[in-house]
Amino acid sequence: MSNILLSGFTGNIGYEVARQLAGNRVRALVRNVAAAPHLPHVEIVESVTDDTEIIIHCAANTAFRAPLDELRTANVEGTRRMLEFAARCPRLKKFIHVSTVCASGDTTGFIAEAALSRPTAFLNPYEESKWEAEQWVLGADLPTEIIRLSIVAGSEKDGSVRRQGALHHTLFWLWRGLIPMMPGAEETPVDIISTEYAASFIAAAAQSAQKSETGILHACAGEFAPRLGELLGHLTTAFSAQSAAWRTGAILPPSLVDAQTFGLFETTVQQSGDLLFQRVCGDAKSFLPSLLYPRVYGNQHALALNPQAIGDWRSLASLVSHYVIEQHIRASHDRRLPNGVAASGQ
Ligand SMILES: NC(=O)c1ccc[n+]([C@@H]2O[C@H](COP(=O)([O-])OP(=O)(O)OC[C@H]3O[C@@H](n4cnc5c(N)ncnc54)[C@H](OP(=O)(O)O)[C@@H]3O)[C@@H](O)[C@H]2O)c1
């Protein structure tokens, strides 16, 4: 049993990490005690104590297109301060930094579980802030482990997500038939994993005395990642089972296009002044451009630590899309005025 300090407990991944660490003494560092969820083995704290043995730094501002300054304050400065605190913990065994495979920016091809040189470009300010945070971790004279997660879609049990992000909004717009085209090719891997699978690597690293060979692990689907064409085909079948518009072909799956064509589509949407389409494009812009940079993530070291079998991506995609659609329908129902007129433009 270790004294574990966890940041990001109120988020999608932190909560599941804490749940999987039952049997340990977990202190969750939160910003708002009143809003924190409850788990029997988790003590909610607002400040840190130096008897900490394991630090799991999971907190981050995950708004992909927030201003870089704002993201740097949370993600880079926040990490630097946690490292500073870690250096003052005499019993520290491990500092686990939760990062993202997106820190690889516009790099394509095989991405190894190793330090990333600065990519030519980042696709959004979030990626840049997470890459910079990694540099602080790599430079620290501490027993650090970086765990880069791929796209964490939702729970493999019921598709639930504590906080929906760009992926989830894009899924909903897709279902509504509002995404006529997507950048990318049939063969582009889309590395999605469940929240449970992502958290299992962080929990395993926290409970293992060993440090991995490179100090960097990828919690990802790797060679089991579905291809974009397969994923869209699967979603088309799943949506058709639920919706007559999909079944009859009134809504068609998006065409896969190159960067230039997708750019033209975005410009047209901007010029149209259509607020709903601008919102759709804003959400899509946070998530879809990464599909133009096909890559496969190595996960050999991660699997050596945590040889858990990855679940079926088809089941995960079906459950998450079903959950997201239900939540959006419920939210739009809640927004309706008492006389039954929709309160928003949707
Ligand atoms: N979800 C993914 O697909 C994914 C993929 C790759 C990597 N990751 C990484 O995994 C980690 C967790 O992601 P998530 O999906 O669980 O994110 P999330 O659901 O957005 O939760 C973010 C967590 O960080 C906290 N936080 C945000 N800004 C903060 C700040 N300025 N100071 C202190 N705490 C702050 C939030 O606390 P409040 O409740 O107070 O806002 C919340 O607990 C992050 O490091 C993220 O970069 C996530």
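For the structure, check the block above.
Definitions and cut-offs
Residues numbered from 1 in each chain as written. Predicted model: local features only at pLDDT ≥ 70, side-chain atom pairs only at ≥ 80, totals over all residues. Heavy atoms only, no water. Helix = DSSP H or I, 4+ residues; strand = E, 2+ residues; numbered from the N terminus. Buried < 20%, exposed > 50% of the residue type's maximum accessible area, 1.4 Å probe, protein only. Contact = heavy atoms within 4.5 Å. Polar contact = N/O pair within 3.5 Å; in protein donor to acceptor, adjacent residues only side chain to side chain. Expected span 1.5 Å × (residues − 1). Arc of directions from axis to C-beta.

Caption draft 1: Examining the environment of alanine 284 more closely. Residue position: alanine 284 is located in helix α9 (residues 275-287). Accessibility expressed as a relative area gives 4% for alanine 284, which makes it buried. Spatially, the C-alpha atom of alanine 284 lies 25 Å from that of alanine 133, the residues being 151 residues apart in sequence. Apart from the residues within four sequence positions on either side, alanine 284 is in contact with Thr170 and Pro289.

Caption draft 2: View of the side chain of threonine 100. Examined against the element boundaries, threonine 100 turns out to sit in strand β5 (residues 94-100). Separated by 2.9 Å, the side chain of threonine 100 and the backbone nitrogen of cysteine 102 make a polar contact. Every residue in contact with threonine 100, bar those within four places of it in the chain, is listed here: Tyr126, Lys130, Glu134, Arg148 and Leu149.

Caption draft 3: Spotlight on helix α8 (residues 259-272). If you check α8, its first and last C-alpha atoms are 20 Å apart, about what 14 residues at 1.5 Å a residue would give, namely 20 Å. Along α8, the residues classified as buried are Phe262, Phe265, Glu266 and Val269. Buried positions in α8, seen along its axis, are confined to an arc of 100° and lie on one side of it. Along α8, exposed side chains directed more than 90 degrees from the buried face belong to Gln260, Leu264 and Gln271. In this structure, the buried side of α8 is in contact with β9 (181-183), β12 (255-257) and α9. Glycine 273, located one to two residues past α8, shows a positive phi value of around 75°.

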